[in-house]
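The lines below spell out each chain.
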Amino acid sequence: MKSNRLLMVVAAAVFLLSFLSYRSSVTRAERFERGQKFLSNLNPDEIANITLAKGGDVTKLKRQDDVFLVTSEHGYPAANDAVNRMLKDVLGLSLEKEVGKGEGLEEELGLRPEAEGTLEVTFKNAAGKDMVHFLVGKAFDDGSGNYVQRLDGEKGPIYLTAERVFLQTKSSDYVKKELLDVPATDIAAIRGNGFTFETVDGELALSGLPEGKKESARATQVQSVLSGLRFQEHFLANDPSLQGLVFDEELQVELNDQSGYTLQVAQRGEDHYLRIAGFHDVGQLSVALDASEDEVRETSEVLSRGDEIKDFNALHGSFIYKVTSLTADKVRAKASELMEDA
């Protein structure tokens, strides 16, 4: 009997110690520590939808496979670097101190979604459930932080961040503005308004260059037309504001792999607009039963390139792009501008 009572006492003591240890660990986990991360458990790979709202600007992004689309910009592809920079900034938010709770304090510190200058951030998973929902309020008058508060689940305490929170909030900030980046060495020919560039000994050269003439600096600009080709704004092709545009200038660029791009430009006042489409000049492909490994690989690459062009046209056929005058001038260049006295 004594032995049984002793075992019961020991068991009770072990249980009590375990309980106290657990309670202590939970308390320590919940206790604020300066420098701790605001969103320490957020897994960015699970984020499927992002909403950033500030004032009248509402940016919405949706994950599709390995990229995001800016759904608030007609589903246009997002720039990976812009999305990654925003996520990195959010994950990097560290805290200076815990401020407290209460509606009065929230009002005072701008932690209401409808407050002027307040940023509301929401991350949802693939099931549409909130992963993170928080507000960024006013900046601390005598320091470098902003007040933040989580709203997902039970409303959390208000914290002051260690540094100011600067997140891009406009939809246009996240749009991928680069259309193409093709070096001149990949170009086989360029055909424009009364002129042709063709590759000779590995170098693009103006065909039919008269004696006593040489290529001008403008010729070099035209050769680089697909290098870092970007736009300023994008519009749906049926946008009413663009009705009546006349795309009467065209440039065709053929690449070494027999694919290429056709660029057309239009002008209205001081604004310049671009349409772009890809092409792929290959016939019906077949692979012989006795084809070598290299022949099979080459055929596969051609087919893959054909799919790339189809995807390119499926996207860009729906949009018209506003571009700089420099970009438009490359497309509308004339033969006389591409040469000068030697």
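Because the structure is predicted, anything quoted here is derived from the model rather than measured. (Residues numbered from 1 in each chain as written. Predicted model: local features only at pLDDT ≥ 70, side-chain atom pairs only at ≥ 80, totals over all residues. Heavy atoms only, no water.)

Participant: Would you mind going over the sheet that holds strand β7 (residues 130–139) with me for this structure?
Facilitator: The strands making up a sheet are joined through hydrogen bonds of the backbone, oriented either antiparallel or parallel. Within the open sheet, the nine strands sit side by side as β4-β3-β2-β1-β6-β7-β8-β9-β5. Their pairing is antiparallel. Single-partner strands in this sheet number two, and they are β4 (76–77) and β5 (95–100). In this sheet, strand β6 (residues 119–124) lies alongside strand β1 (residues 49–54) in antiparallel orientation, the contact comprising six bridges. Across the sheet, residue Leu 52 finds its bridge partner in β6, namely Val 121. Sheet strands touched by helix α2 (residues 80–91): β1, β2 (57–64), β3 (67–70), β6 and β7. Its angle to β6, the strand with the most contacts, is close to 105°. (Pairing = 2+ DSSP bridges. Helix = DSSP H or I, 4+ residues; strand = E, 2+ residues; numbered from the N terminus. Contact = heavy atoms within 4.5 Å. Axes fitted to C-alpha atoms, helices over the stretch in contact; angles between N-to-C directions.)

Participant: What exactly am I supposed to notice about the confidence of the model for the chain here?
Facilitator: Should the pLDDT be low somewhere, the predicted coordinates at that spot are not to be read in detail. Across the chain, the average pLDDT comes to 88, with 85% of residues at or above 70. For residues 9–29, every residue scores under 50 in pLDDT, and the model assigns this stretch zero contacts once sequence neighbours within four places are set aside. (pLDDT = per-residue confidence, 0-100.)

Participant: Explain the side chain of Ser 216 to me, please; I cannot follow it from the model alone.
Facilitator: Residue position: Ser 216 is located in the loop between β14 (213–215) and α4 (217–223). By relative accessible area, which is 8% here, Ser 216 ends up buried. Residues contacting Ser 216, with those up to four places away along its chain left out, are Glu 337, Leu 338, Met 339 and Glu 340. (Buried < 20%, exposed > 50% of the residue type's maximum accessible area, 1.4 Å probe, protein only.)

Participant: I'm lost on the nonpolar core in this one. Help?
Facilitator: Grouped together as the largest cluster of nonpolar side chains are 64 residues, with contacts concentrated most on Phe 123, Leu 226 and Leu 263. Among the elements that line this core, the one with the most residues is α2, at five residues. Those residues in contact with Phe 123 that lie beyond four places of it in its chain are Leu 42, Ile 47, Asn 49, Ile 50, Met 86, Leu 87, Val 90, Lys 129, Asp 130, Met 131 and Val 132. Counting residues in hydrophobic clusters, the runner-up holds seven residues, among them Phe 235, Leu 245, Phe 247 and Ala 266. (Core = buried A, V, L, I, M, F, W, Y, C linked by side-chain atoms within 4.5 Å.)

Participant: Teacher, can you tell me more about α2 here?
Facilitator: Every α-helical turn comprises 3.6 residues, leaving residues that sit three or four positions apart pointing alike. The terminal C-alpha atoms of α2, which comprises 12 residues, lie 16 Å apart, in line with the 16 Å expected from a rise of 1.5 Å per residue. Within the span of α2, buried status applies to Ala 82, Val 83, Met 86, Leu 87 and Val 90. In a view along the axis of α2, the buried residues occupy a sector of 130°, so they form one face of it. Turned more than 90 degrees away from the buried face of α2 sit Asp 81 and Lys 88, all of them exposed. In this structure, the buried residues of α2 make contact with β1, β2, β3, β6 and β7. (Expected span 1.5 Å × (residues − 1). Arc of directions from axis to C-beta.)

Participant: Sorry, what's going on with the sheet that holds strand β11 (residues 187–191) here?
Facilitator: Overall, antiparallel pairing links the eight strands, which are arranged β13-β12-β11-β17-β18-β19-β20-β16 in an open sheet. Every other strand in the sheet has two partners, leaving β13 (203–206) and β16 (233–236) as the edge strands with one partner each. Strand-to-strand, the axes of this sheet are offset by a mean angle of 25°, without reference to chain direction. Alignment of β16 against strand β20 (residues 319–323), held across four bridges, turns out to be antiparallel. When the bridges of β20 are listed, Phe 235 appears paired with Ile 320.

Participant: I keep staring at the pattern of salt bridges and nothing clicks. Help me out?
Facilitator: Under the counting rule described, the total for this entry stands at 15 salt bridges. With a shortest N-O distance of 2.9 Å, Glu 96 and Arg 34 are connected by a salt bridge. Here Glu 96 is found in strand β5, whereas its partner Arg 34 is found in the loop between α1 (2–30) and β1, with 62 residues between them in sequence. Judged by its relative accessible area of 27%, Glu 96 is partly exposed. The class for Arg 34 is exposed, based on a relative accessible area of 66%. The salt bridge partner of Asp 329 is Arg 332, with a shortest N-O separation of 3.4 Å. Here Asp 329 falls in the partly exposed class, since its relative accessible area comes to 30%. With relative accessibility at 15%, the residue Arg 332 sits in the buried group. Here the salt bridges share partners, and the residues they tie into one network are Glu 106, Glu 107, Arg 112 and Lys 155. (Salt bridge = Lys/Arg side-chain N within 4 Å of Asp/Glu carboxyl O.)

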